[in-house]
Amino acid sequence: AFGIDMDPSHIYRANEDPVEAIAAVISRVKHVHIRDCKGRQSGPGLPEDQANGRGDINLVGYLRVLHAGGYRGPVDLEVIGAKDYSLVQCAMIAAEARGHMQACLQACGAR
């Protein structure tokens, strides 16, 4: 009943390849946070840079492995540091991330 909650930004910022990491544990994954980031610094960066497609993580490859591995669980966007952003700014980040996620899913045949 226990599984793994994967966040590619944590893997990437630990100087590892998120695509290789998810492939190694796909059978145990129960939940996925998607957050992009630029660089391998300790934090994920500005909220707008955490939107899918804004950073350096191969999210198409990541989602391709999830799809090929038969993952059917939740995938959500996680953005931190936007507490003082307006609702409009947050909605723009979410909308951009959703559009990129949809394109990734289409690219790997999941949609």
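Comments concerning helix α4 (residues 87-107)
Part 1 of the argument: Here α4 is 21 residues long and its end C-alpha atoms lie 30 Å apart, about the 30 Å a rise of 1.5 Å per residue gives.
Part 2 of the argument: In this structure, the buried residues of α4 make contact with β2 (29-34), α3 (59-68) and β3 (75-77).
Part 3 of the argument: Note on α4: the residue one or two positions beyond its end, Gly109, has a positive phi of about 80°.

Describing the packing of aromatic side chains
Part 1 of the argument: Per the stated rule, a full pass over the model turns up 0 aromatic pairs.
Part 2 of the argument: Against the face of Tyr12 rests Arg40, its NZ or CZ located 3.8 Å from the ring centre.

Regarding the pairing of β2
On a regular strand, each side chain points to the face opposite its neighbour's, so the side chains alternate between the two faces of the sheet.
Part 1 of the argument: Sheet topology places strand β1 (residues 4-6) next to β2; 3 bridges connect them, and they run parallel. Residue pairing for β2: Met6 is matched across the bridge by Val32.
Part 2 of the argument: With 3 bridges joining them, β2 and β3 adopt parallel strand pairing. Within β3, the residue paired with His33 across the bridge is Asp76.

Concerning the sheet that holds β2
Part 1 of the argument: The strand order across the open sheet formed by 3 strands is β1-β2-β3, and the pairing between neighbours is parallel. Of all strands in the sheet, those bounded by a partner on one side alone are β1 and β3. Each strand of the sheet is rotated relative to its neighbour by a mean of 20°, with strand direction disregarded.
Part 2 of the argument: Against the sheet, helix α2 (residues 18-25) touches β1 and β2, its axis set at about 160° to β1.

Some remarks on the confidence of the model for the protein chain
Part 1 of the argument: Averaged over every residue, the pLDDT of the protein chain is 93; the share at 70 or more is 100%.
Part 2 of the argument: Per-element confidence in the protein chain ranges from a low mean pLDDT of 91 for β3 to a high of 96 for α2.

Looking at the packing of α2 against α3
Part 1 of the argument: Packing of α2 against α3 brings their axes to within 9 Å, and their N-to-C directions diverge by 10°. The angle between α2 and α3 falls in the class roughly parallel. Across the interface between the two elements, Pro18, Val19, Ile22 and Ala23 of α2 pack against Gly61, Tyr62, Val65 and Leu66 of α3.
Part 2 of the argument: Of the residues in the contact of α2 with α3, the class split is 7 nonpolar, 1 polar and no charged.

Quick notes on the rules
- Residues numbered from 1 in each chain as written.
- Predicted model: local features only at pLDDT ≥ 70, side-chain atom pairs only at ≥ 80, totals over all residues.
- Heavy atoms only, no water.
- Helix = DSSP H or I, 4+ residues; strand = E, 2+ residues; numbered from the N terminus.
- Expected span 1.5 Å × (residues − 1).
- Contact = heavy atoms within 4.5 Å.
- Phe/Tyr/Trp six-rings, centres within 6.5 Å; stacked < 30°, edge-to-face > 60°.
- Lys NZ or Arg CZ within 6 Å of the ring centre and 35° of its normal.
- Pairing = 2+ DSSP bridges.
- Axes fitted to C-alpha atoms, helices over the stretch in contact; angles between N-to-C directions.
- pLDDT = per-residue confidence, 0-100.
- Parallel < 35°, antiparallel > 145°, perpendicular 65-115°, else oblique.
- Nonpolar A, V, L, I, M, F, W, Y, C, P; charged D, E, K, R; others polar.

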